[in-house]
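# Overview (structure and organization)
Chain by chain, the residues:
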Amino acid sequence: MVKPFNDFVFSNPVGKIGLVETDFGFHIIKVTDKQDGVRLATIARKIEASEKTTDNIYTQATKFEMDANTKPFEDVAKKMKLTVAPPAKFKALEENVGGLGPQRTIVRWAFNNETKVGDVKRFEIANLGQVIAKVKKVNPAGLTPIEDARPGIEPILRNKKKAEKLKAKLKGASLEAIATANATTVQTATDLTMENGVLPNAGQELKVVGVAFGCGLNKISAPIEGTSGVYIIKPKVVTKAPAITDYAPYLAKLKGVNSGKANSALPTLKADATIEDNRSKFNY
């Protein structure tokens, strides 16, 4: 709106009628409604601990460190109404310490020759605060302790035991008979290849597909221990792949697959070699 029109509208109350002259002529204006405008703004303020709060936390952390060196760590934490974080596992050359993120200083202290199991030390970490660490356990070089390896091994062993029991039940003269005896149904999988080993309702089962190509037509296989179950198969149709006339796409695919294989040689050489890494002793 031009200025005279604008001035009349915003300077008069609702219901006012008036005559206004502008460059465009004369206007009879009636103010029928007004709504208040609101200007919004976002104010951000960084919350920082006061000097008094910082001093209190430092005093509490120092007292915790002193008490935890002579009393049970968990008891001291409970008395101060603090929660002990879950144990963090790390190696001498690692950076991260549990949920604290990169804390190389704590790692170096834990693996220092003068640090023993049960030692407690306070660390003041920028942008995080006071951390009281305690060396709970040191695993010697060699095989992983049973209690640490158990979470990864137990599911594998449990599945193997389940597979043994299932194999003993999978007996019969036909797939239909075996399925009926085990309260299940015979299913059909089509268009399987060595590269496409996905079975319907089961997922990827490359071992099962591999057996299918070597089992022979219309022959019932022995029980196969797959990734997500135990299977018995009976190949019905095997279609021979067409002869390759142009090997260029195939070679390009192989080159792509093998492009990074050279880099995998170094980890293999390391695994077969006897290497003693002493970088942690040089305050790394």
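A short tour of the structure in this document, coming up. (Residues numbered from 1 in each chain as written. Predicted model: local features only at pLDDT ≥ 70, side-chain atom pairs only at ≥ 80, totals over all residues. Heavy atoms only, no water.)

So, about helix α2 (residues 51-68). Between the first and last C-alpha of α2 there are 26 Å, a value that for 18 residues agrees with the 26 Å anticipated at 1.5 Å per step. Taken together, the buried positions of α2 are Ala61, Phe64, Glu65, Asp67 and Ala68. Buried residues along α2 sit against α3 (73-79), β3 (120-125) and β4 (129-134). (Helix = DSSP H or I, 4+ residues; strand = E, 2+ residues; numbered from the N terminus. Expected span 1.5 Å × (residues − 1). Buried < 20%, exposed > 50% of the residue type's maximum accessible area, 1.4 Å probe, protein only. Contact = heavy atoms within 4.5 Å.)

Any two side chains of opposite charge can pair, given that their charged atoms come close. Tallied over the full model, the rule gives eleven salt bridges. We note a salt bridge from Glu147 to Lys137, for which the minimum N-O separation is 2.5 Å. Here the residue Glu147 occupies a position in helix α5 (residues 146-169), and Lys137 occupies one in the loop between β4 and α5, the gap between them amounting to ten residues. Judged by relative accessible area, Lys137 falls into the partly exposed class, the value being 46%. Between Glu225 and Lys167 there is a salt bridge; the shortest N-O distance is 3.6 Å. With Glu225 in strand β7 (residues 224-225) and Lys167 in helix α5, the pair connects residues that are 58 residues apart, well separated along the chain. (Salt bridge = Lys/Arg side-chain N within 4 Å of Asp/Glu carboxyl O.)

This brings us to the packing of aromatic side chains. Under the counting rule described, the total for this entry stands at three aromatic pairs. With a centroid separation of 5.1 Å and 70 degrees between ring planes, the pair formed by Phe64 and Phe73 is classed as edge-to-face. We classify Phe64 as buried; its relative accessible area is 5%. Relative to Phe123, the ring of Trp109 has its centre 5.6 Å away and its plane inclined at 70 degrees; by these criteria the two rings are edge-to-face. Taken as a pair, Trp109 in helix α4 (residues 104-110) and Phe123 in strand β3 lie far apart in primary sequence, 14 residues in all. Phe123 gets classed as buried once you look at its relative accessible area, which sits at 8%. (Phe/Tyr/Trp six-rings, centres within 6.5 Å; stacked < 30°, edge-to-face > 60°.)

Turning our eyes to something else, we now look at the nonpolar core. General note: in soluble globular proteins, nonpolar side chains tend to be found buried as a group. In this structure, Val97, Ile106, Val107, Trp109, Ala110, Phe123, Ile125, Val131, Ala133 and Val135 together form the largest nonpolar core, which totals ten residues. Elements with a contribution of two residues or more to this core: α4, β3 and β4. In terms of residues, this core owes the most to one element, α4, which gives four residues. In this structure, Trp109 is in contact with Thr115, Asp119, Val120, Lys121, Phe123, Ala133, Lys134 and Val135, ignoring residues within four places of it in sequence. Of all hydrophobic cores here, the second largest spans seven residues; its members include Phe73, Ala77, Met80 and Val120. (Core = buried A, V, L, I, M, F, W, Y, C linked by side-chain atoms within 4.5 Å.)

Attention shifts here to the pairing of β4. Bridging between β3 and β4 involves six bridges; their strand directions are antiparallel. If you follow Val120 over to β4, its bridge partner there is Lys134. Where β3 folds back onto β4 in an antiparallel hairpin, the turn is made up of three residues, including Asn127, whose phi is positive at roughly 60 degrees. (Pairing = 2+ DSSP bridges.)

Okay, the pairing of strand β1 (residues 17-22) next. Only one face of β1 is buried, namely the one carrying Gly18, Val20 and Thr22, since none of Ile17, Leu19 and Glu21 on the opposite face is buried. Summarising the sheet, β1 and strand β2 (residues 25-30) pair through six bridges and their orientation is antiparallel. Bridge pairing in β2 places Gly18 opposite Ile29. Taking the residues between adjacent antiparallel strands as the criterion, β1 and β2 are bridged by two residues.

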